[in-house]
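# Close look at the chain arrangement
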Amino acid sequence: MVLFTSSVYNTMTAGRNVTTFKHLCKDGRLREALYTLNATQDRADSYAYVSLLKVCIQNKALQDGTLIHAHIEKRGFNANRLLGNTLLNLYVKCGNLKHARRVFDRMPERDVCSWTVMIAAYSRHGFPEEAWSLFHEMPKTGIQPNQFAFSSVLLTCANMASLEKGIEIHRQIERSGFESDVVVATALVDMYAKCGSIEKARELFDKMHQSDIVSWNAMITGYAQNGLVDEALKLFKQMPERDAFSWTGMIAGYAQNGLLEEALKLFNEMPHRTVVSWNAMISGLAHHDRGTEALKLFEQMQSAGVKPNSNTFVGILPVCANLAVFEQGMQIHEKIKRFGFQSHVPVANALVDMYAKCGCIQKAREVFDEMPQRNVVSWTTMIVAYAMHGFGRESLVVFEQMIEDGMIPDHITFVGVLTACSRAGLVNEGYGYFNQMVRKYNILPVLEHYRCMVDLLGRAGHLDEAFDFVKEMPVKPDAVLWICLLGACRLHNNVELAECAAEYISELDPQNTAPYVLLSNIYAAARRWSDIAKLRKMMKDRGLKKTPACSWIEVNNQVHAFFVGDGIDAKLQNAIQKG
């Protein structure tokens, strides 16, 4: 932390101080520049503060920047538009949106740059609703959006996958005359592609009078994200020039569509890999249950001297969560602190999820409480974490705090809330939240919500009520929902209803062995041995085999998988020796 003491410089002349200050700022020597600025006393003007804040932005020195901000206010310096925008940029670049918004709201005068920076920040950090709201506030103040404001709000539409909102912005762009701008045209291509309207994206791409490499990359990525890998490859080969993003777009496209060997081949052929390329490959492996390979690639990335960014950590933390490798998760958390990404909302969300899935709910709560700002995903992750660990009432307390904080829950939030009610046996509360979801928040229930309600009623022993609930549902129940009811039948030894549920599952998912296993356990509890024999014969006749159970252990930062029948003693000894 920098302290404003001028003892070292108090013999210097004011003119020399200013000259020295300028040189120090130019060289990026932040702390020395701070001392020099303090020695200038009242001679510092807005340009001096702007120069100093730019050094903070360059070094992502949030603490020092905050101290400079306090110094500005202490001296009663009237922040002009340039200084206000620089402070805004500091907090945005350092990921502190709460302070950024405070600066924005207090600015006596804002220009289109102020609005655009704030809109883009909300969009990038996972607050699309706030970005959308702010964009529509801007014209009311007499400020009209420019090409950068339009491209930022189009990213918001893409992140929300809202084609309707995207079309609305497209019409505004046409009226404003920005459609031919290459930045806006590229953002439109990206928005339409991400919203699933790939034909419209290609139509706009073909109409572009001046396309650049970014436009080509947006179209290639759009094809890949929509599963049209062959079209993406065709365009990739037609490109007049390629950069790292071009290669990465193809790698991500292959990975997202499950073509991991093709993705790895292209990754290894890349002339120059960037952090984005590594991220695409790591996320691709993680997404397709090849977590151990993703962890190895993460280690290779660091050995290659590539500095991870926030997306790297967002991609690798779910691997630790899914494999429940707590030690590696802790090590990655330390790296996140070292690189200064702990306040980045998506990274913090992934940390909460990782700790919860590794069984450390207290650590998950610590990360949650330390977050400088939270979005709906942050609150939902904490709600689900408590619910899955059996802390139903704590989960509901977090939900109520979320509402008090002014956050609007989404359909996933209510999955967590209903799960919490189920684990805590709160039947009346579950009905209340289900009705609140529909009536207050206008969220149409989907299968996940109905599954939660069936699970809630089933666990509480209201089996007939659960069965009636299923029969009255406006959507067709799937096999997973019937398995929820079958599990409840096992818990409460209801053989008759269990047989009915198992029959539905067999019709919907004939290759699923779960109903046979659960029904067999129910028969065993009822000592109906002849029925168990019939079930086993039926499974054999249909060629069904129970999937062997699998466990993972972490030995010296290496993850090892063990399946039933593996010869555990020898395999475990071998893993320890290799570790």
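Throughout what follows, the structure given in this document is the object of discussion. Quick caveat: nothing in here was measured; it's all calculated off a predicted structure.

So, about the overall build of the chain. Per the secondary structure count, the chain includes 33 helices and two strands. Among the 579 residues that make up the chain, the fraction classed as buried is 48%. Expressed as a percentage of contacts within the chain between residues at least 6 apart in sequence, the contacts between residues at least 24 apart total 59%. Total accessible area computed for the chain in this model is approximately 28700 Å², and 50% of it derives from carbon and sulfur atoms.

What follows concerns the environment of His-389. Its place among the elements puts His-389 in the loop between helix H23 (376-388) and helix H24 (392-404). The partly exposed category is assigned to His-389, whose relative accessible area is 32%. Each C-alpha atom of the pair His-389 and Gly-359 lies 7.9 Å from the other, and the pair is 30 residues apart in sequence. When sequence neighbours within four positions are dropped, the list of residues in contact with His-389 reads Ala-356, Gly-359 and Ile-361.

With respect to the helices and strands, Thr-248 occurs in helix H15 (residues 244-256). A distance of 2.7 Å separates a polar atom in the side chain of Thr-248 from the backbone oxygen of Ala-244. With residues near it in sequence (within four places) discarded, Thr-248 still touches Met-270, Thr-274, Val-276, Ser-277 and Ala-280.

A contiguous patch of positive charge, built from Lys-60, Lys-93, Arg-124 and Lys-307, is present on the exposed surface. As for its placement among the helices and strands, Lys-307 is situated in the loop between helix H18 (291-303) and helix H19 (310-323). Look at Lys-307 and you get exposed, because its relative accessible area is 58%.

With that settled, consider the layout of surface pockets. Empty space within the second largest pocket amounts to approximately 590 Å³. Taken together, 20 residues make up the lining of the second largest pocket; nearest its centre are Pro-128, Glu-129, Val-376, Ile-408 and Asp-410. When contributions to the lining of the second largest pocket are tallied by element, the ones reaching two or more residues are helix H8 (128-137), helix H9 (147-160), H23 and helix H25 (411-424). The greatest single-element share of the lining of the second largest pocket, amounting to four residues, is contributed by H8. Split by residue class, the lining of the second largest pocket holds 11 nonpolar, six polar and three charged.

The next subject is a negative patch on the surface. A surface patch of negative charge is lined by Asp-464, Glu-465, Asp-468, Glu-472 and Glu-496. The dominant element in the negative patch, judged by the number of residues it contributes, is helix H28 (residues 463-471), at three residues.

Scanning all chains against the criterion turns up 19 salt bridges. Between Arg-528 and Glu-499 there is a salt bridge, with its nearest N and O atoms 3.3 Å apart. Of this pair, Arg-528 sits in the loop between helix H31 (514-525) and helix H32 (529-541) while Glu-499 sits in helix H30 (residues 495-508), and the two are 29 residues apart along the sequence. Taking the relative accessible area as the measure of exposure, Glu-499 reaches 31% and is therefore partly exposed.

For any two helices packed against each other, one specifies the crossing angle of their axes together with the interaxial distance. At their nearest, the axes of helix H29 (residues 479-492) and H30 sit 9 Å apart, and the two run at 160 degrees to each other. Taken together, the axis directions place H29 and H30 in an arrangement best described as roughly antiparallel. The chirality of how H29 crosses H30 is left-handed. Facing Ala-479, Trp-482, Ile-483, Leu-485, Leu-486 and Cys-489 of H29, the residues of H30 in contact are Leu-497, Ala-498, Ala-501, Ala-502, Tyr-504, Ile-505 and Leu-508. In the contact of H29 with H30, the residues fall into 13 nonpolar, no polar and no charged.

Scanning the model with the defined rule gives 21 aromatic pairs in all. On the basis of an interplanar angle of 55 degrees and a centroid distance of 5.9 Å, the ring pair of Phe-135 and Phe-150 is categorised as tilted. Taken together, the positions of Phe-135 in helix H8 and Phe-150 in helix H9 put the pair 15 residues apart, joining distant regions of the chain. Assigned by exposure class, Phe-135 and Phe-150 land together as buried. Ring centres 5.9 Å apart and planes at 55 degrees place the aromatic pair Tyr-450 and Phe-469 in the tilted group. Of this pair, Tyr-450 sits in helix H27 (residues 447-459) while Phe-469 sits in helix H28, and the two are 19 residues apart along the sequence.

Right, let's talk about the environment of His-69 for a bit. Looking at the secondary structure, you find His-69 in helix H4 (residues 62-74). Classification of His-69 as buried rests on a relative accessible area of 14%. Distance in space between the C-alpha atoms of His-69 and Val-103 is 10.0 Å, their sequence separation being 34 residues. In this structure, His-69 is in contact with Leu-87, Tyr-91 and Val-103, ignoring residues within four places of it in sequence.

What follows is about unusual backbone geometry. A positive phi angle, near 55 degrees, is found at Ala-324, a position not held by glycine. Structurally, Ala-324 can be placed in the loop between H19 and helix H20 (326-339). In this model, Asn-442 sits at a positive phi of 55 degrees, which is unusual for a non-glycine residue. As for its placement among the helices and strands, Asn-442 is situated in the loop between helix H26 (427-439) and H27.

What follows deals with the nonpolar core. Core analysis: the biggest nonpolar cluster contains 175 residues, and Ile-169, Met-281, Ile-316 and Met-382 have the highest contact counts within it. Not counting residues up to four positions away in its chain, the partners in contact with Ile-169 are Trp-132, Phe-135, Phe-150, Val-153, Leu-154 and Cys-157.

Parameters and conventions
- Residues numbered from 1 in each chain as written.
- Predicted model: local features only at pLDDT ≥ 70, side-chain atom pairs only at ≥ 80, totals over all residues.
- Heavy atoms only, no water.
- Helix = DSSP H or I, 4+ residues; strand = E, 2+ residues; numbered from the N terminus.
- Buried < 20%, exposed > 50% of the residue type's maximum accessible area, 1.4 Å probe, protein only.
- Contact = heavy atoms within 4.5 Å.
- Areas by Shrake-Rupley, 256 points an atom, 1.4 Å probe, with all protein chains shown as cover.
- Polar contact = N/O pair within 3.5 Å; in protein donor to acceptor, adjacent residues only side chain to side chain.
- Patch = residues over 30% accessible without salt bridge, like charges linked within 9 Å, V, L, I, M, F, W, Y side chains within 5 Å.
- Salt bridge = Lys/Arg side-chain N within 4 Å of Asp/Glu carboxyl O.
- Lys, Arg positive; Asp, Glu negative; His and termini not counted.
- Charge placed at Lys NZ, Arg CZ, Asp CG, Glu CD.
- 1 Å grid on protein atoms, 1.4 Å probe; cavity = no way out; pocket = protein on both sides within 12 Å on 5 of 7 lines; lining within 4 Å.
- Points joined across faces, edges and corners; volume = space filled by probe spheres on them.
- Nonpolar A, V, L, I, M, F, W, Y, C, P; charged D, E, K, R; others polar.
- Axes fitted to C-alpha atoms, helices over the stretch in contact; angles between N-to-C directions.
- Parallel < 35°, antiparallel > 145°, perpendicular 65-115°, else oblique.
- Left-handed = near helix turned anticlockwise from the far one by under 90°.
- Phe/Tyr/Trp six-rings, centres within 6.5 Å; stacked < 30°, edge-to-face > 60°.
- Core = buried A, V, L, I, M, F, W, Y, C linked by side-chain atoms within 4.5 Å.

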